[in-house]
Amino acid sequence: MSILNAFRSNTKGGAAAVLALAIAAGCALASCSPENLVGNAQLPPDVPDPGQTHTAAGAVEAYRGALLLFRSAVGGDPNSMVPVSGLLADELRAGDLGQQGNISDGMRVDSRFMPEYSGSGDDIVTPNPARVAYELLQKARGQSHESRGALIAYPPAGSADLQGHLDAIEAYSDVYLADLFCSGIPLSTLDFGKDFTYQPGSSTEQVYQKAVALFDSALTLAVDSERVLNLARVGKGRALLALGNYADAATAVASVPDEFQYVLHYDQTASPGPNDGNLNRSFAFADFDRFSGATGIPLTMVDRDGENGLPFMSSNDPRSAWVDDGTNQFGRPQIHPAKYSIAGDGPLVIASGVEARLIQAEAALKAGSGSWLTTLNTLRTDGTYDTQPDSVDSSKTDTLWHAGTGGVAGLKPLSDPGDANAQVDLLFSERGFWLFLTGSRQGDLRRLIRQYSRQSNHVYPTGTYPGAYNTYGNDVTAPIEGAERISNPLFTGCAGRGA
Amino acid sequence: MRRTVILWCAAGILPWCSAMLGAQSTAQKVRSAATPASARGKSATADGDAAAEELPLDRKISLDLSNVTLREALKEIDQKAQLGLAYTPRIVPVNKKVSIKADSITAGTALERVLEGTGVVAVMTTSNTVMLVKQAGKHAELPVSDSSGFAYVLVHVVDTVSAKPMDGADVGIRGSKFDVKTTDQGYAVLQHVPSGLRTLTVRFLGYSPIERPIVVPDTGYVRIDVAMRMGMTRLQEVVTTAAGQQRRLELANDITILDADSIVRTQPISSVTQLLEGRVPGLTVEHTSGAPGDPSRLRLRGASSMLKNNDPIVIVDGVRVYAKQSDSTSANLASGRGTAGDGAGSGGTEFTSAPSPLDQIDPQAIQKVEVLKGPSAATLYGPDAANGVIVITMKKGQSGPARWNVNATHGLSYMPGKYPEGLFRWGTDRRTYLPILCPLQAFNCRADSVVSFQALNNDKYTVLHQGNVSSMSLGVSGGSDALTYAVSGSYDNEEGILGLPEVVAQQFETDHGMAPESWMTRPQQLERWSANSRLTAKLSPKADASLTTMLTREKQQRSDLENDISDLMATYIDAGTGQYWRADNTSLNRTNVLIPDFYQKSTDDATNFTNAATINWRPLSWLTTSADAGINVINRQDDVLLPRGFLQTQDSIGFLHTASGNTVQSTVNLRATGTLPMPWGFHLQLSSGANYSRTAESDVGTGVSGLAPGTTSVNGAEQITYSSQAVTDITSFGWYVEPDFVHDRFTISTGLRIDGSSTFGSNVSIPIFPKIGVSWLISQEPWFPIKHFFDVLRVRAAYGRAGVWPGPSDQLRLYHSSRPFDDGGFVDVTQVSTIGNSQIRPERSDETEGGFDADFLDSRLSVGFSGYRKMRYDALEFVPVAPSVYGGQVQQMQNIGTVRNTGIEATLTAQLVRTDPISWTASVNVSRNHNLVTALGPGVRPFGPDFQRVVAGYPLFGRWARPILGFSDIDKNGIITKNEVQLGDSLVFMGGSDPNYEANLFSTLSLFRSTITVSGSLAYQAGLTQVNQTVGTTSQVVFSPGASDPHASLAEQAAVAVMNETMYGLMQTVSTLRLGSFSVAYNFSAAAAAHFRARSLSIALQGTNIGLWTNYKGKDPNVNAYSTGNNTLDTGVLPQPRAWSLAVHATY
């Protein structure tokens, strides 16, 4: 008997039959999954169709998007890693010092006075430079996740190399985060094709370890790109160095050629998009413009910052050459590093053969090998020099040392100071100058505390701060902004603010 | 009402004789007769049976009795007609004096006359004698020994007017358990009814109940024919639901039904919004402005969505039409695009709104409108039904000859009343000694006088003039049984009240060497053509079909002159020098320009087309199926034009912004309803259906500047300043089942809807929307104790859930493209723009509603009451995402908010006078809504601008401001300046942006048998907190005494001093009483109408917005600055004007 006949012949049974029929029809039509019902949900202007992104070509564009964000996070923003870490360390100073009653965010970073958000009040406690640097680095990580997912799902030609490249820049982002911020950094993930996954804070050591793993992945994947391999090698060496694994660090960078440089290119040529602004300039355009500055407060170079700082200016070291721009809008001296054009043009080297040699030198020093000094000197000069009359006093003669493998002329060979601490000081000074304003100094200062048992106030700028606070604070890391604590239920704040 | 008794008995031809009494007027005699046993089951006509033999009461007699006792009169009648009359003086007032004079009347009629008013009626017994008994009462007395036998009583019930059988009428015997329903042929059989005199009761909802004495024979059966007259009860109305047509009685919700045809015919109605406003309890109408065609936003039972629209959906003849009132398309598509300006610093286009698609439906073509206010009623309607549903049924033709109707209206409009005078404080500049205007807070001048002035009240300078409105409509309907038609067309033309002052026009001519363009002098124009038709065809005895077609073409023109009203309000004109002075915050500046900007023209050309087809097929007696398919297409061409060289201040190069948009709304519905009996008097009405709905919107816009001199087109423009395109496409599919368990007095309605949509997250299970409701006609219960008090009392309760869909891209991870410069060249890159939410699902509204409907006093008084509690769960909000995911400032749309609306609604309809020459009806509806954001969800902080803020624990879109805590005249100069005012650091709640209380009164008085009809409406609102920016942050300090009045209190000065820091002094909780409409109509007599070859003819004087009484300090609180989104604000935008018109209506 058909359902319909049952319905006709038996009213009770018929009712049930019709109900069952209706439900069955409904379930069949609905297929019980909205995915089967999705039509074309199209988009507002200026927003590409996600479907177009989910192609091999789209994956490549997404990969480029990650590189662009990484470039921005390292040195393309007034508050990117390089200037902010330089401000906290001894490379830069806030340009508005002396403005009593006007405690700028730049001064709070510069003076090492950055209390962590307590969770009970306004979350806008983290100084803006540190907040933005954190967000830029995390954004670069997020885009790397997204792009890697796209490359795996829609692989273009050479997908493995591109994935390896993404691994390397994500690892660098991790290293920068670990260098600049407190222990307890959440490394949440943007999940390709899904939503996102919050993660709890990772200790500084865990972040470096994760970076090492990513560098290893990059070394496995990017076999066809020597540039990426060398980036990964130097990055891995840097991360291992931060973990105190000197020998492995030296091994990691051993094959990196002296002339290698991984360069982030900045350019004052603007992008054509109507709302893109100039995505291509370096931080120097904004931070060293004495009258404007995108942040409104220019930064300036500083000599012997807070007693412990290196003599970046007074040493007249060509690696930290500077340009005197006069005074800025606050009446303070405005000096910018010669290596960065205030037009925003130029390269920013984040990994190089020089750094590889420095890593090897440090490993040698740690191992008690005398090669450390040889390595440093090889970077400085080939041992030859010229003489010529002094430009001021013609009765005197200047010695012009020829460039070593570091490629910078005018650096005379170093002598072994003998004392172990002095040797470390010399090594880190060399690192400071060679890697001046490339985002390395902050990590080095923390390593001096963490690995060489130095006191923070013997390493970081200290003493009288010529700004609103009068004295430097004690922070050696930046706190993680309150927004993370508010929105990420797994994050409960910094695990430690020490080195 | 006179009640008489007529009795027939076919004793001579029947084996037994029965009698019956009819309880109807003499004009409505209903005959009944017994039927021979051999003819059982066949319907016999009363005439045929009664004619067989003359019955005693049919015997003709003549009487001439004057002032005799009833006893004497009865005796006389008994003797002359040989009745064998029997009665007892215990129930018959035998000493009553009566008179009767008649020739050749029946004995029955004679008895009827003399017994009139006694409560006694004549009945015929089984022995062919006539007996006087007490008329039907609560306890009918039995004059003879009872229950000597049993018989069947066959009752046939028909409608008085149509004579059609009535299905489902309740038939019973008073004081017994007999209670059955009539069949679809109108028959009911009462079995084994004890013989004797009984009182038959017949009830049917919507009809006046009938109680009639009958005499039940000792054996066999008696047939009783009953005709019922329709009463006024609303519960009998048929409601269009998602599952088909249902009686209101069976619905557990309060649904407002508007008989649009009759309202539009007698009231000044020019739009659907106007039709709805005030007539739907729980509906709040937010007007954007008083410009012709400007849209309004409708809010049913309060707003619930924080980010999504709160607009109800609209269904026309089964198909959904696009009717968003808060969408971006509510604005002129060109005005919202681009900010490039004209290249000469004009600042780009002015923002203007565009007419609402809802108001493009011709009200003249609408038969009725049903408003489902919330989820409990709208569960089965699918996408966005949580905001309520407006169901529109277009006029349908009736079979018969063609009937024509013609309407013509012409009238005028103007801004009523005066604008508040401004206080201008004159003085001299301390440095230059030149005369300047000198507010209290200005110290660069020495004041010498205070004068009042208002340019808007000055005939020479005002932009407020007289507008006019005209409309015509022509309709014809008719057809045959096989095909009916209703075709109509209408034309509306409205000119708004704004006009350029002559002095400005002259200045323009002087500056430009030409007269200003027409759009500058009278910018506000609205023209609308509409053609509508509905065809219905009977395809077979079991199938019919209908096709609705609507076409509207509308052209709206605006200019930026209306944006100058607030500036003009603050302008002082020195009559002697002709110099203009304009207030600018706490100073007043000399200006050479009376009206700064009136050169931009905005136009919106819209074509709105709808086709809706419905097929009904009844393949089986218990099964009805139907299908709807339709499409609604809206095409728009919007422009904003500033011709080259028109700006006074500089040589403008002009611009043209042009945008075109298309909206396509497609609908397919399938449904089937089966009805079958169930035990215990129930029957199951099972409906199931499926819906497909697709909304596709697209628009493209281009802006060009550098127009060639004298041209107004893109061609020849020097530069393209922008181009843009927007496309959205939403597809939804739903299925529902609705089993209703229907008893004669009791309906349990259940239902379930399942929906899928392209807007839902990919990881979301399909949402389910259930409903359940109970409707109980308690007054029809046998045990109901006070039946005599109620004609009808129905109690009801309902619960339902519905949703509001997410946006088309809320679930998606979207990307941003750019072309950065890298390594010496540009490269294409994409980055994540929004991370999307694969878990996103519809906002969910749960509503519980309960109430009652009651009719009293022979349906002269109808009362309805509802209470509701509507919860919006899963309200969509932007939730900050921790920066560790993708950096800072990242948000994700999540379903986490909760909003509650609770309230009550009451309606009362009364026929205050119901006589032949005069009738007076009045209806009142009252509603109260309490809106509250109960939770924002974790991680979400209060958001929105101060004047429209979303804060947990307070009404949605509430008004907030930093409070003025105090002030002190520190320098003792008698002037309060900003630094002498102490402001609170935190915002304080000032009130809600929608009214809490609304009440509306509609009343119609008909005189001289409806020759003259007077009607009007009053609307009351309270609890609305409006931001009166016209006296605040713009330039209107002259309206604040604190700025100019030397006698102003320090408090008034303080409010002015911090005007730029807080809106505290600008927010005002207001009450309004508005005389919304008034109409006097003269209806010509048929003879007079025939003189014009018309069947009917009327002429009416109609007015709208006749009066406003309010404590609001601005002009009118019911205006908004925003035509999109949910924001409301009074920035001085043009309020609703007053209009008077003369309307002629004729039918042929």
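Residues numbered from 1 in each chain as written. Chains lettered and ligands numbered in written order. Predicted model: local features only at pLDDT ≥ 70, side-chain atom pairs only at ≥ 80, totals over all residues. Heavy atoms only, no water.

Draft legend 1. Structural context of the overall build of chain A. A tally of helices and strands in chain A yields 18 helices and twelve strands. Within chain A, the fraction of its 499 residues that count as buried is 55%. For chain A, contacts bridging at least 24 residues in sequence account for 68% of all contacts bridging at least 6. Carbon and sulfur atoms make up 52% of the accessible area of chain A, which totals about 18900 Å². (Helix = DSSP H or I, 4+ residues; strand = E, 2+ residues; numbered from the N terminus. Buried < 20%, exposed > 50% of the residue type's maximum accessible area, 1.4 Å probe, protein only. Contact = heavy atoms within 4.5 Å. Areas by Shrake-Rupley, 256 points an atom, 1.4 Å probe, with all protein chains shown as cover.)

Draft legend 2. Geometry of the overall build of chain B. Counting its secondary structure elements, chain B contains 13 helices and 57 strands. Burial status across chain B gives 58% buried among its 1148 residues. Long-range pairs, those at least 24 residues apart, make up 69% of the contacts in chain B between residues at least 6 apart in sequence. When the accessible surface of chain B is split by element, carbon and sulfur atoms take 55% of a total near 44200 Å².

Draft legend 3. Main features of the nonpolar core. Ranked by size, the top nonpolar core spans 129 residues in total, and within it F70, V74, F181, L231, L348 and I350 of chain A carry the most contacts. At eleven residues, helix α8 (residues 159-180) of chain A tops the list of elements feeding residues into this core. Discounting residues that sit within four places of it in the chain, F181 of chain A has contacts with A130, A133, Y134, L137, R446, T477, A478, P479 and I480 of chain A. Listed in part, the 48 residues of the second largest apolar core include Y461, I497, I565 and L647 of chain B. (Core = buried A, V, L, I, M, F, W, Y, C linked by side-chain atoms within 4.5 Å.)

Draft legend 4. Representation of helix α9 (residues 204-221) of chain A. Residues and elements named next belong to chain A. The terminal C-alpha atoms of α9, which comprises 18 residues, lie 26 Å apart, in line with the 26 Å expected from a rise of 1.5 Å per residue. For α9, every residue scored as buried is listed here: T204, V207, Y208, A211, V212, L214, F215 and A218. Along the axis of α9, the buried residues cluster in a sector spanning 165 degrees; they form a single face. Buried residues along α9 sit against α7 (128-153), α8, β2 (185-186), β5 (201-202), α10 (226-242) and α16 (441-452). (Expected span 1.5 Å × (residues − 1). Arc of directions from axis to C-beta.)

Draft legend 5. Local environment of the confidence of the model for chain B. Residues and elements named next belong to chain B. Here chain B averages 83 in pLDDT, while 89% of its residues score no lower than 70. The low-confidence segment residues 136-147 (pLDDT under 50) makes 22 contacts with residues lying over four places distant or belonging to another chain. Within the model, the stretch residues 338-347 combines pLDDT values under 50 with 24 contacts to residues more than four positions away or in other chains. Confidence estimates for the predicted assembly give a pTM of 0.78 and an ipTM of 0.90. (pLDDT = per-residue confidence, 0-100.)

Draft legend 6. Molecular detail of the sheet that holds strand β9 (residues 187-194) of chain B. Residues and elements named next belong to chain B. Read across the open sheet, the three strands follow the order β9-β6-β12; overall the sheet is mixed. The open sheet has two edge strands with one neighbour each: β9 and β12 (221-228). Each neighbouring strand pair of the sheet contributes to a mean axis angle of 25 degrees, computed without reference to strand direction. (Pairing = 2+ DSSP bridges. Axes fitted to C-alpha atoms, helices over the stretch in contact; angles between N-to-C directions.)

Draft legend 7. Here's a closer look at the pattern of salt bridges. Summed over the entire model, instances satisfying the criterion amount to 64 salt bridges over all chains. For the salt bridge of D174 of chain A with K210 of chain A, the shortest nitrogen-to-oxygen distance reads 2.7 Å. Separated by 36 residues along the polypeptide, D174 of chain A in helix α8 and K210 of chain A in helix α9 bring together distant segments of the chain. Taking the shortest distance from any N to any O, the salt bridge between D254 of chain B and K373 of chain B comes out at 3.0 Å. Here the residue D254 of chain B occupies a position in the loop between β14 (244-247) and β15 (255-258), and K373 of chain B occupies one in the loop between β20 (366-372) and α6 (375-378), the gap between them amounting to 119 residues. What emerges from the salt-bridge pattern is a single network uniting D254, R301, K373, R794, R796, E847, E849, D853 and E905 of chain B. (Salt bridge = Lys/Arg side-chain N within 4 Å of Asp/Glu carboxyl O.)

Draft legend 8. Broad picture of the packing of aromatic side chains. For the structure shown, the criterion picks out 37 aromatic pairs over all chains. For the pair F508 of chain B and F598 of chain B, a centre-to-centre distance of 6.2 Å together with 55 degrees between the ring planes defines the contact as tilted. Separated by 90 residues along the polypeptide, F508 of chain B in helix α7 (residues 502-512) and F598 of chain B in the loop between β32 (587-591) and β33 (601-620) bring together distant segments of the chain. In this structure F598 of chain B comes out as buried when scored by relative accessible area, which is 0%. Each member of the aromatic cluster is reached from another via a ring pair, and the members are F682, F746, W776, W783, F784, F790 and F856 of chain B. Here the basic side chain of R281 of chain A rests over the ring of F285 of chain A, its NZ or CZ set 3.8 Å away from the ring centre. (Phe/Tyr/Trp six-rings, centres within 6.5 Å; stacked < 30°, edge-to-face > 60°. Lys NZ or Arg CZ within 6 Å of the ring centre and 35° of its normal.)

Draft legend 9. Examining the environment of W776 of chain B more closely. Residues and elements named next belong to chain B. Structurally, W776 can be placed in strand β39 (residues 768-776). The spatial distance from the C-alpha of W776 to the C-alpha of D699 is 50 Å, given a sequence separation of 77 residues. Excluding anything up to four places from it in sequence, W776 contacts R745, F746, E781, W783, L793, R794 and V795. Within the local environment of W776, its side chain forms a polar contact with the side chain of E781, the two groups lying 2.8 Å apart. (Polar contact = N/O pair within 3.5 Å; in protein donor to acceptor, adjacent residues only side chain to side chain.)

Draft legend 10. Main features of unusual backbone geometry. Residue and element names in this part refer to chain B. You will see that S104, though not glycine, has its phi angle at about 55 degrees, which is positive. The backbone of D317 shows a phi angle near 45 degrees, a positive value even though the residue is not glycine. Relative to the helices and strands, D317 resides in the loop between β18 (313-316) and β19 (319-321). D317 sits in the buried class, given a relative accessible area of 10%.

Draft legend 11. Local environment of helix α4 (residues 56-76) of chain A. The first and last C-alpha atoms of α4 of chain A sit 28 Å apart over 21 residues, in line with the 30 Å expected at 1.5 Å per residue. Burial within α4 of chain A is extensive, with 15 of its 21 residues counted as buried.

Draft legend 12. Local environment of the confidence of the model for chain A. Mean pLDDT for chain A: 86, with 84% of residues reaching 70 or above. Here residues 1-44 of chain A scores under 50 on pLDDT; set against residues more than four positions off or in separate chains, the count is 73 contacts.

Draft legend 13. Examining the sheet that holds β20 of chain B more closely. All names here are of chain B. Read from one edge to the other, the open sheet built from five strands follows the order β15-β20-β21-β18-β19, with strand pairing classed as mixed. Taken across any chain shown, the strands that pair with only one partner, and hence form the sheet edges, are β15 and β19. Strand after strand, the sheet turns through a mean of 25 degrees between neighbouring axes, direction not considered. Here six bridges tie β20 to strand β21 (residues 389-394), and the two strands are oriented antiparallel to one another. Opposite V371, over in β21, you have I390 as the bridge partner.

Draft legend 14. Summary view of the packing of α10 of chain A against helix α13 (residues 353-367) of chain A. Residues and elements named next belong to chain A. Viewed as axis vectors pointing N to C, α10 and α13 meet at an angle of 35 degrees, and their least axial separation amounts to 10 Å. The hand of the α10/α13 crossing is left-handed. Taken together, the residues of α13 that come into contact with α10 (itself represented by V234, G237, R238 and L241) are E355, A356, I359 and E362. Here the residues of the contact of α10 with α13 are counted per class, giving four nonpolar, one polar and three charged. (Left-handed = near helix turned anticlockwise from the far one by under 90°. Nonpolar A, V, L, I, M, F, W, Y, C, P; charged D, E, K, R; others polar.)

Draft legend 15. Spatial organisation of the packing of α10 of chain A against helix α11 (residues 246-253) of chain A. Residue and element names in this part refer to chain A. Two elements in contact, α10 and α11, have axes separated by 8 Å at closest approach and are oriented at 175 degrees. What the angle tells us is that α10 and α11 run roughly antiparallel. Only Y246, D248, A249, A252 and V253 of α11 make contact with α10, whose side of the interface consists of R233, V234, K236, G237, L240 and L241. Among the residues making up the contact of α10 with α11, the classes are represented as seven nonpolar, one polar and three charged. (Parallel < 35°, antiparallel > 145°, perpendicular 65-115°, else oblique.)

Draft legend 16. Expanded view of the side chain of S159 of chain A. Position of S159 of chain A relative to the elements: it lies in helix α8. On the basis of relative accessible area, S159 of chain A is assigned to the buried category, the value being 7%.

Draft legend 17. Region of the structure containing the pairing of β39 of chain B. Residue and element names in this part refer to chain B. Of the two faces of β39, only the one carrying F769, K771, G773 and S775 is buried; I768, P770, I772, V774 and W776 on the other face are not. Pairing of strand β38 (residues 746-757) with β39 involves nine bridges; the strand directions are antiparallel. When the sheet's bridge partners are listed, I748 is paired in β39 with V774. Sheet analysis places β39 next to strand β40 (residues 790-804), joined by six bridges and oriented antiparallel. If you follow W776 over to β40, its bridge partner there is V795.

Draft legend 18. Region of interest: the state of the cysteines. Residue and element names in this part refer to chain A. One pass over the structure, following the stated rule, counts one disulfide over all chains. One disulfide in the model links C182 with C494; its S-S distance is 2.0 Å. Taking the torsion about the S-S bond as the criterion, the C182 to C494 disulfide, at about -75 degrees, is left-handed. Within this pair, whereas C182 is found in the loop between α8 and β2, its partner C494 is found in the segment after α18 (482-487), the two being separated by 312 residues in sequence. By relative accessible area, which is 0% here, C182 ends up buried. (Disulfide = S-S within 2.5 Å.)

Draft legend 19. Broad picture of the environment of L656 of chain B. All names here are of chain B. Residue position: L656 is located in strand β35 (residues 655-677). Separated by 358 residues in sequence, L656 and V1014 place their C-alpha atoms 49 Å apart. If sequence neighbours within four positions are ignored, L656 has contacts with D639, V640, L641, T702, G703, V704, L707, T712, S713 and V714.

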